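Analysis of the macromolecular model
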Amino acid sequence: STEELDLRIRAAKAALGERVVLMGHFYQRDEVIQYADFVGDSFQLAQAAKTRPEAEAIVFCGVHFMAETADMLSGKEQAVILPNLAAGCSMADMADLDSVVECWEQLEDIYGTGPNAEGKVPVIPVTYMNSSAALKGFCGEHGGIVCTSSNAAKVLEWAFERAERVLFFPDQHLGRNTAKKMGVPLAQMPTWNPYKPLGGNTAERLQDAKVLLWHGFCSVHKRFSVGQIEQARREFPGVRVIVHPECPMEVVDAADESGSTDYIVKAIAAAPAGTTFAIGTEVNLVTRLAGQYPQHHIFCLDPVICPCSTMYRIHPGYLAWVLEALEKGVVLNQIKVSEDVAVPARVALERMLALKP
Ligand code: 13P
Ligand code: SF4
């Protein structure tokens with residue numbers, strides 16, 4: 001039962017004490033997030049992974065790519081545990097190393113590899129945090145960098161100081177929304193479809209490209225629509241609409257603001273009492289915020305529920321199971337990135353972490 005699991009988790013955590021750190025992403029369900037020592041967006045959790053090297057293990061209540069990142073940034077001897085190994089991210093799965101390498105080779109044929117007169121290289125790869133460690137490694141090896149939804153604009157600026165163009169993967173929406181806000185015309189942002197030769201683009205079209213967008217997307221954020229925003233505005237005149245930049249461009253354009261989960265959390269915390277918010281992001285976060293800020297009216301733009309179903313796979317039962325094993329000295333469900341991948345991936349991650357806030 002729920003009570004029994006709660007007692008087991010609390011007992012194991014108390015027995016483990018400082019030996020374990022529990023981290024949870026904002027989208028994690030409340031039944032799990034209540035035990036977390038750190039809660040944050042994916043950028044904050046990457047930073048947090050560095051802060052407790054003395055703990056034996058980090059139990060990561062998020063999805064696979066976040067646990068991989070924690071493993072690469074945490075102490076050498078620390079184990080990172082993902083309570084349910086089936087907690088992946090469908091967007092991260094939309095870009096695999098082989099397809100990216102194939103795309104990269106085609107781009108090298110079109111653009112060449114040498115720097116131009118200003119010393120800029122033809123293309124820099126930028127991977128969204130929501131990607132495998134292998135792709136972060138690819139970026140590290142090719143002069144590229146990682147970004148999260150909270151620093152994508154800053155990362156693109158960094159890239160444009162060094163390159164004529166960016167290859168952005170896996171999320172086309174974050175790439176398009178960010179570059180559009182920076183003034184890049186849509187005509188210069190072709191989408192790369194790996195299933196078509198040249199991504200369905202002609203070499204001439206690719207000559208003008210500034211940001212090549214991988215075709216990936218988040219199935220949760222893709223559900224939000226302009227119709228939902230119009231309805232919210234009809235029902236609640238004056239409503240403040242904030243959406244995550246993984247939403248399609250028309251949705252971001254129709255909203256009042258867009259930003260990462262941490263941006264949404266801070267915007268709500270700073271608002272005057274009595275504000276009505278329509279939020280376009282994962283429902284577990286929206287419901288939690290509605291409970292935490294009863295002085296506002298906060299609701300999710302999607303009237304049907306839209307949980308991140310993979311994040312939801314971290315059930316309290318799995319948490320109890322891995323914690324109790326750890327108490328006995330057994331590490332279950334460890335996420336370990338091999339050093340040949342981790343070394344270049346850390347280069348790309350550290351480039352991002354070194355950017356000024
Ligand atoms: P944040 O960068 O806001 O944490 O978002 C991560 C994510 O997976 C959104 O779908
Ligand atoms: Fe991946 Fe979307 Fe879930 Fe974020 S919300 S972890 S992008 S599937």
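Quick caveat, the model's predicted, so the values are computed rather than measured.

Analysis parameters
For every chain, the first residue of the written sequence is number 1, and numbering continues from 1 onward in sequence order. Lettering of chains starts at A and numbering of ligands starts at 1, both following the order in which they are written. The predicted nature of this model means local features are confined to residues of pLDDT at least 70 and side-chain atom pairs, given and counted, to a pLDDT of 80 or more, with totals for whole chains, interfaces and linings taken over all residues. Secondary structure counts use DSSP, requiring at least four H or I residues in a row for a helix and at least two E residues in a row for a strand, with both numbered from the N terminus. Radius of gyration: C-alpha atoms only; globule rule: 2.2 Å multiplied by the number of residues to the exponent 0.38. Each residue is classed by its C-beta neighbour count within 10 Å, where at least 20 other C-beta atoms makes it buried, 12 or fewer makes it exposed, and intermediate counts make it partly exposed; the C-beta atoms are placed from backbone geometry. Once C-beta atoms are placed from the backbone, any two residues with those atoms within 7 Å are in contact. By our criterion, buried Ala, Val, Leu, Ile, Met, Phe, Trp, Tyr and Cys residues that link up through C-beta atoms within 7 Å make up a nonpolar core. What makes two strands pair is DSSP finding at least two bridges between them. Axis geometry follows a simple rule: fit a line to the C-alpha atoms, using only the stretch in contact for helices, then measure angles between N-to-C directions, giving values from 0 to 180 degrees. What makes a residue near a molecule or strand is its C-beta atom, placed from the backbone, lying within 6 Å of it. Amino acids outside the nonpolar list (Ala, Val, Leu, Ile, Met, Phe, Trp, Tyr, Cys, Pro) and the charged list (Asp, Glu, Lys, Arg) are all regarded as polar, and Gly is one of them. All the domain ranges listed were derived from an automatic or database domain assignment. UniProt positions are given in the numbering used here, feature names are shortened, and annotations may be inferred rather than shown by experiment. The span you would expect from a helix comes to 1.5 Å times its residue count less one. Arc, as used here, means the arc of the directions from the helix axis to the C-beta atoms.

Brief notes about the overall build of the protein chain
A tally of regular secondary structure across the protein chain gives 15 helices and 13 strands. For 357 residues, the compact-globule formula gives about 21 Å, and the C-alpha radius of gyration of the protein chain, at 21 Å, lands near that figure. For the C-alpha atoms alone, the extent of the protein chain along its principal axes is close to 65 × 55 × 35 Å. Buried residues in the protein chain amount to 49% of all 357 residues. Partitioning the intrachain contacts of the protein chain with sequence separation of at least 6 by distance along the chain shows that 67% fall at a separation of at least 24.

A look at the nonpolar core
In a soluble, globular protein the nonpolar side chains are often hidden away together inside. Counting residues in each nonpolar core, the largest one holds 115 residues, and the members touching the most others are Ile58, Val59, Phe60, Ala70, Val126 and Val166. Not counting chain neighbours up to four residues away, the residues in contact with isoleucine 58 comprise Val21, Met23, Ala49, Ala70, Ser74, Gln78, Val80 and Ile81.

Re the sheet that holds strand 6 (residues 145-147)
Strand order in the open sheet made by the 5 strands is 6-5-7-9-8, with parallel pairing throughout. Only two strands of the sheet have a single neighbouring strand rather than two, namely strand 6 and strand 8 (191-192). Pairing of strand 8 with strand 9 (residues 211-214) involves 2 bridges; the strand directions are parallel. Directly across from threonine 191, in strand 9, lies its bridge partner leucine 213. Helix-sheet contacts for helix 6 (residues 133-141) involve strand 5 (121-128), strand 6 and strand 7 (163-169), and the interaxial angle to strand 5 is about 155 degrees. Strands strand 5, strand 7, strand 8 and strand 9 of the sheet are contacted by helix 8 (residues 172-181), whose axis makes an angle of about 155 degrees with strand 9.

Considerations on the site of ligand 2
Around ligand 2 sit Val63, Cys89, Ser90, Met91, Asn130, Cys218, Val220, Glu246, Glu282, Cys308, Thr310 and Met311, and that is every residue in its neighbourhood. A per-class count over the shell around ligand 2 returns 7 nonpolar, 3 polar and 2 charged.

Some points on the site of ligand 1
Around ligand 1 sit Asp41, Ser42, Asn130, Thr148, Ser149, Ser150, Cys218, Glu246, Ser260 and Thr261, and that is every residue in its neighbourhood. The residue makeup of the shell around ligand 1 includes at least three contributed by each of domain 2 (92-218) and domain 3 (221-300).

A closer look at the sheet that holds strand 3 (residues 57-61)
Taken together, 4 strands build an open sheet; the order of strands is 2-1-3-4 and the sheet is parallel. The strands lining the two open edges of the sheet, one partner per strand, are strand 2 (38-40) and strand 4 (79-81). When the angles between neighbouring strand axes are averaged without regard to direction, this sheet yields 20 degrees. Of the strand pairs in this sheet, strand 1 (residues 20-25) and strand 3 are connected by 5 bridges, and their pairing is parallel. By the bridge assignment, valine 21 is partnered in strand 3 with isoleucine 58.

Some details on the UniProt feature "binding site: [4Fe-4S] cluster" (unreviewed entry) in the protein chain
In the numbering used here, UniProt assigns the feature "binding site: [4Fe-4S] cluster" (unreviewed entry) to Cys89, Cys218 and Cys308. Of the residues just listed, which span 220 residues, no C-alpha pair is farther apart than 9.3 Å, and they cluster in one region. As for its placement among the helices and strands, cysteine 89 is situated in the loop between strand 4 and helix 5 (97-111). The contact partners of cysteine 89, leaving out residues within four places of it in the chain, are Val63, His64, Phe65, Asn130 and Thr310.

Concerning the UniProt feature "binding site: iminosuccinate" (unreviewed entry) in the protein chain
Feature annotation in UniProt places "binding site: iminosuccinate" (unreviewed entry) on His25, Ser42, Tyr128, Met129, Asn130, Ser149, His244, Pro245, Glu246 and Thr261, given in this structure's numbering. Counting through the fold element by element, methionine 129 comes out in the loop between strand 5 and helix 6. Among all residues touching methionine 129, those that are not within four sequence positions of it are Ser42, Phe65, Thr69, Val146, Cys147 and Thr148. Topologically, histidine 244 is positioned in the loop between strand 10 (240-243) and helix 11 (249-254). You can call histidine 244 buried: it has 27 C-beta atoms within 10 Å. Residue contacts for histidine 244: discarding those within four places in its chain leaves Ser149, His221, Ser258, Ser260, Thr261, Gly280 and Thr281.

Section: helix 1 (residues 2-16)
In this model helix 1 runs 21 Å from its N-terminal to its C-terminal C-alpha over 15 residues, within 8% of the 21 Å that 1.5 Å per residue would give. The set of residues buried in helix 1 consists of Ile9, Ala12 and Lys13. Along the axis of helix 1, the buried residues cluster in a sector spanning 100 degrees; they form a single face. In helix 1, those exposed residues whose orientation departs by more than 90 degrees from the buried face are Glu3, Glu4, Leu7 and Ala14. Tucked into the core, helix 1 has its buried residues touching strand 1 and helix 14 (316-327). Immediately beyond the C-terminal end of helix 1, within one or two residues, lies glycine 17, with a positive phi of roughly 55 degrees.

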